[in-house]
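Residue strings, one per chain:
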Amino acid sequence: MNKLFALLWAGTCMTTLLRAQQIIEPKIEQVTVYTRGAEIQHRGMCGLDAGKNTVVFSGLSPDLNPNSIVLEVSPGNLTLLSVTSQTNYLRSVKDHAGISSGKDSLEAITDKMDLLTLQIEVLNSEKNMLFRNESIGGTANNVPVAEIARAADFYRNRMNEINLLLSQYKKQLLQFESRKTAFTRQLAELNAQFNPPTSDITVVVVANSAAPEASFSIKYLVDQAGWAPKYDVRAENIEGPVQLIYRANVFNNSGIHWNEVKMKLSTADPLLGAEKPTLETWDVADLNEQIRLTDVAIAAPNRRFLDNEKNAAADVAFVQLNVAELSTEFEITLPYTVLSDSKPYTVDVTAYSLPAVYEHFAAPKADTDAFLTAKITGWADLNLVSGQASVYFAGTYLGQSLINTASVEDTLAISLGRDKKVMLRREKLVELNKRQFIGNNEKETFYFETTVRNNRDKPIALELADQLPISTDGDILVESLEVSDGVVDKHTGRVTWRIALEPGTSKKVTLGYSIRSPKGAALRKQKFRSVSSPSF
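The rules behind the values
- Counting of residues starts from 1 at the beginning of each chain's written sequence and follows it residue by residue.
- Note on the predicted model: pLDDT of at least 70 is required for a residue's local features to be given, and 80 or more for side-chain atom pairs to be given and counted; whole-chain, interface and lining totals, by contrast, use all residues.
- For the side-chain quantities, the full set of heavy atoms in the structure was used; hydrogens and water were omitted.
- Think of it this way: any DSSP run of H or I at least four residues long counts as a helix, any run of E at least two long counts as a strand, and we number them from the N terminus.
- Burial classes: relative accessible area under 20% of the type maximum marks a residue as buried, over 50% as exposed, and values in between as partly exposed (1.4 Å probe, protein chains only).
- Note on contacts: a residue pair qualifies if any of its non-hydrogen atoms lie within 4.5 Å across the two residues.
- In these tables, accessible area is a Shrake-Rupley quantity obtained with a 1.4 Å probe, and a residue counts as shielded only by the protein chains included in the view.
- Predictor confidence is given residue by residue as pLDDT, running from a minimum of 0 to a maximum of 100.
- Under the convention used throughout, the expected extent of a helix is 1.5 Å for every residue step, that is, one less than its residue count.
- A strand pair is defined by DSSP finding two or more bridges across the two strands.
- What counts as an axis is a line fitted to C-alpha atoms, over the stretch in contact for a helix, and the angles between N-to-C directions run from 0 to 180 degrees.
- Stacked, tilted and edge-to-face are the three classes applied to pairs of Phe, Tyr and Trp rings, where Trp contributes its six-membered ring and a pair requires centres within 6.5 Å; stacked means planes under 30 degrees apart, edge-to-face means over 60, and tilted covers the rest.
- Whether a charge sits over a ring comes down to the Lys NZ or Arg CZ being within 6 Å of the ring centre and within 35 degrees of the ring normal.
- Think of a patch as exposed residues, more than 30% relative accessible area, with no salt bridge, where like charges cluster within 9 Å and nonpolar side chains (Val, Leu, Ile, Met, Phe, Trp, Tyr) cluster within 5 Å.
- Each salt bridge in this description consists of a side-chain nitrogen of Lys or Arg and a carboxyl oxygen of Asp or Glu lying within 4 Å of one another.
- When charges are tallied, Lys and Arg are placed among the positive residues and Asp and Glu among the negative ones, while His and the ends of the chain are skipped.
- In plain terms, the charge of a residue is placed at NZ if it is Lys, CZ if Arg, CG if Asp and CD if Glu.
- Any N or O atom pair separated by 3.5 Å or less is treated as a polar contact, with the protein-specific requirement of one donor-capable and one acceptor-capable atom, and with residues adjacent in sequence counted only for side-chain atom pairs.
- What makes a nonpolar core is a set of buried Ala, Val, Leu, Ile, Met, Phe, Trp, Tyr and Cys residues whose side-chain atoms join them at distances within 4.5 Å.

A. Broad picture of the overall build of the protein. Counting secondary structure elements, the protein contains four helices and 28 strands. Burial analysis of the protein (536 residues in total) assigns 36% to the buried set. Within the protein, counting contacts between residues at least 6 apart in sequence, those at least 24 apart form 78% of the total. Roughly 32400 Å² of accessible area belongs to the protein as shown, and the carbon and sulfur atoms make up 53% of that amount.

B. View of the confidence of the model for the protein. Residues with a pLDDT of 70 or more make up 80% of the protein, whose mean pLDDT is 81. Here strand β13 (residues 298-299) is the element of the protein with the lowest mean pLDDT, 28, and strand β27 (residues 494-501) is the one with the highest, 95. The model gives residues 4-18 a pLDDT under 50, and that stretch makes zero contacts with residues more than four places away or in other chains. Counting interchain partners and residues more than four positions distant, the pLDDT-below-50 stretch residues 289-314 has 67 contacts.

C. Layout of the environment of Thr450. Position of Thr450 among the secondary structure elements: in strand β23 (residues 441-454). Of the residues examined, Thr450 reaches a relative accessible area of 4% and is grouped as buried. For Thr450 and Arg425, which are 25 residues apart along the polypeptide, the C-alpha to C-alpha distance reads 5.6 Å. If we ignore the near neighbours within four places in the chain, the residues touching Thr450 are Pro364, Arg425, Arg426, Leu464, Asp466, Lys507, Lys508 and Val509.

D. Here's a closer look at helix α2 (residues 97-132). With 36 residues, α2 extends 53 Å between its outermost C-alpha atoms, agreeing within 8% with the 52 Å of an ideal straight helix rising 1.5 Å per residue. Three or more residues of α2 are buried, namely Ile99, Gly102, Leu106, Ile109, Met113, Leu116, Ile120, Leu123 and Leu130.

E. Summary view of the sheet that holds strand β1 (residues 21-24). Here we have four strands laid out as an open sheet, ordered β1-β4-β7-β6, and mixed in their pairing. Where the open sheet ends on each side, the last strands, each with one partner, are β1 and β6 (78-88). Mean inter-strand twist for the sheet, computed between neighbouring axes without regard to direction, equals 20 degrees. In this structure, strand β4 (residues 51-60) lies alongside strand β7 (residues 198-207), joined through eight bridges in antiparallel fashion. For Asn53, the partnering residue across the bridge sits in β7 and is Val205.

F. How the structure looks around the packing of aromatic side chains. Summed over the entire model, instances satisfying the criterion amount to six aromatic pairs. Relative to Tyr246, the ring of Tyr231 lies with its centre 4.8 Å away and its plane at 35 degrees, an arrangement referred to as tilted. Note that Tyr231 is positioned in strand β9 (residues 225-235) and Tyr246 in strand β10 (residues 242-252), a separation of 15 residues in sequence. Cluster of aromatic residues (ring-pair linked, three or more members): Tyr231, Tyr246 and Phe330. The ring of Tyr392 is capped by Arg234, whose NZ or CZ atom sits 3.9 Å from the centre of that ring.

G. Region of the structure containing the pairing of strand β19 (residues 396-403). Two elements, strand β18 (residues 387-393) and β19, share seven bridges in a ladder whose sense is antiparallel. What sits directly across from Gly387, in β19, is Ile403.

H. Region of the structure containing the sheet that holds strand β5 (residues 70-74). Read from one edge of the open sheet, six strands run β5-β8-β3-β2-β11-β14, paired in mixed fashion. Of all the strands in the sheet, the pair left with one neighbour each is β5 and β14 (329-338). For this sheet, the mean angle separating the axes of adjacent strands, direction not counted, is 20 degrees. Pairing analysis gives ten bridges linking strand β3 (residues 38-48) to strand β8 (residues 211-222), with the strands arranged antiparallel.

I. A negative patch on the surface, seen in detail. On the surface, Asp104, Glu107, Asp111 and Asp114 cluster together to form a negatively charged patch. When you line up the elements, Asp111 lands in helix α2. Accessibility expressed as a relative area gives 46% for Asp111, which makes it partly exposed.

J. Seen up close, the pattern of salt bridges. Taken as a whole and assessed by the stated rule, the structure comprises 20 salt bridges. Of the charged contacts in the structure, one is a salt bridge between Arg498 and Glu359, with a shortest N-O distance of 3.1 Å. In this pair, Arg498 is assigned in strand β27 and Glu359 in strand β16 (residues 356-362), connecting sequence segments 139 residues apart. Here Glu359 falls in the buried class, since its relative accessible area comes to 15%. With its nearest N and O atoms 3.5 Å apart, the salt bridge here joins Arg498 to Glu463. Of this pair, Arg498 sits in strand β27 while Glu463 sits in strand β24 (residues 460-467), and the two are 35 residues apart along the sequence. Arg498 gets classed as exposed once you look at its relative accessible area, which sits at 58%. A residue is classified by how much of its surface remains accessible, and Glu463, at 13% relative accessible area, is buried. Among the ionic contacts, a cluster of salt bridges with common partners joins Glu359, Lys375, Glu463, Arg494 and Arg498.

K. Main features of the side chain of Thr267. Its location among the elements puts Thr267 in the loop between β11 (258-266) and β12 (278-279). Judged by relative accessible area, Thr267 falls into the buried class, the value being 11%. Here the side chain of Thr267 touches Thr328 through a polar contact of 2.7 Å, landing on its backbone nitrogen.

L. Inspection of the nonpolar core at higher detail. Judged by nonpolar contacts, the single largest core of 84 residues is most densely connected at Phe216, Val250, Trp258, Met263 and Leu265. Here the element with the most residues in this core is β8; it accounts for six residues. Met113, Ile120, Leu130 and Phe176 belong to the second largest nonpolar core, which has twelve residues in total.

M. Unusual backbone geometry, seen in detail. Here the amide bond leading from Ser74 into Pro75 is cis, since omega sits at 10 degrees, within 30 degrees of zero. The phi angle at Glu260 is positive, at roughly 50 degrees, despite the residue not being glycine. Inspection of the secondary structure puts Glu260 in strand β11. The exposure class of Glu260 is exposed, given its relative accessible area of 55%. Within the chain, Ala394 stands out as a residue other than glycine whose phi angle is a positive 55 degrees. Within the secondary structure layout, Ala394 lies in the loop between β18 and β19. On the basis of relative accessibility, which here comes to 44%, the residue Ala394 falls in the partly exposed class.

Right, here's the structure in full:
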């Protein structure tokens, strides 16, 4: 009877101990992705006994920052005593089929390489032995000529055999090394995907009474994640609105996959500490400060973790982006899966239909094509972030453009690429060009005519640009002779024409100027550009 009671008592104690320390893998409930870093939120449920309980949450990101852990527990009769974290390298995970196969292949290749290395060492030793014993004397030492001939034949044949075998073995060794490198890289990628280390968070909690369904919410920050904006800009014609499709490239290298999770994208800085910010001087006339690729209006307080670059995700480069002082958050409506492989995954953020004013721009001195631009007002209310945009016009992909939200202009200009239906031709008027010598000076006159034609079936507005040379040398004088009602910027020499063209019509403008300089002065009378060319 006593033995039975002892067994029941031991079983009860064991059950209590097992219940007192539970290991659970909480599911990812939501991820808030910042431009650099992410906050991962897990939720787990378990039953708790009255008294002290230990709960271990496993399968968390190995990249978690211990100082950022936020843990909430319900119901309210639970008291947290301690929260600790550690990296778990011993988590038992069954090898993926690809990993097992890769390990077997890698082991087989390594064995073959070891055998080839041993055979090469043996052949090299034999080769060295032949070199050390190549002298067999001669007729002066009473060695017959026939013996010398046989020895020479043996030496030559054996050395040829050794060299041939060495060449074959070294070639095979190089092939095996290449295959070993490929298998090693493949295994590293598979291990990172299927067998990464994880983190555990151990929580000690006291329950005033039994809690059959205690709920734990765990949040923490990771550094090896982030998002970057990408846009699609679509216009069907030069009259309708512009469709701006806002997307994001999201990467995850946190060590755990985000499978079908709710997601938010934020421009906030998750690394800010608890110290109050310091306002720096704001000079509205300092345009360099306004467009600088860093957010400096408020000094960055102390960061909570990972200030050094060595913690950056492998193979992912970071650049500075301009964002508004007030952070923006986008809640993604659909759940997404983002694997922990550092690869970019496209996430749809939102879409806008924006009224636009279409205008062409041309600088035929630099490029013989006209460029179509869409000018959008009210863009500052869209919470955009500077980034690359894929441009489509009338269903055709035109290339990449840049949306620069750091611009100080009220209008956001988006280039829609080259418009082949607007023709340009810039020609030198040879009959008006002349060269004169006046005393000790030389005067040269240049005239150019630019023709613009609108082959579209709609009217267009065109900004045409050219330039006059300028001189910072008092002995060299530049005189404007003809600009055809163009507007001249005297500081830069830029000449601008605003032209309205009806369908099928054309317009010509003339640019004329003279350069007067001392005889023999070295002048740069025309500008050149650099191109690549083969060198033979």
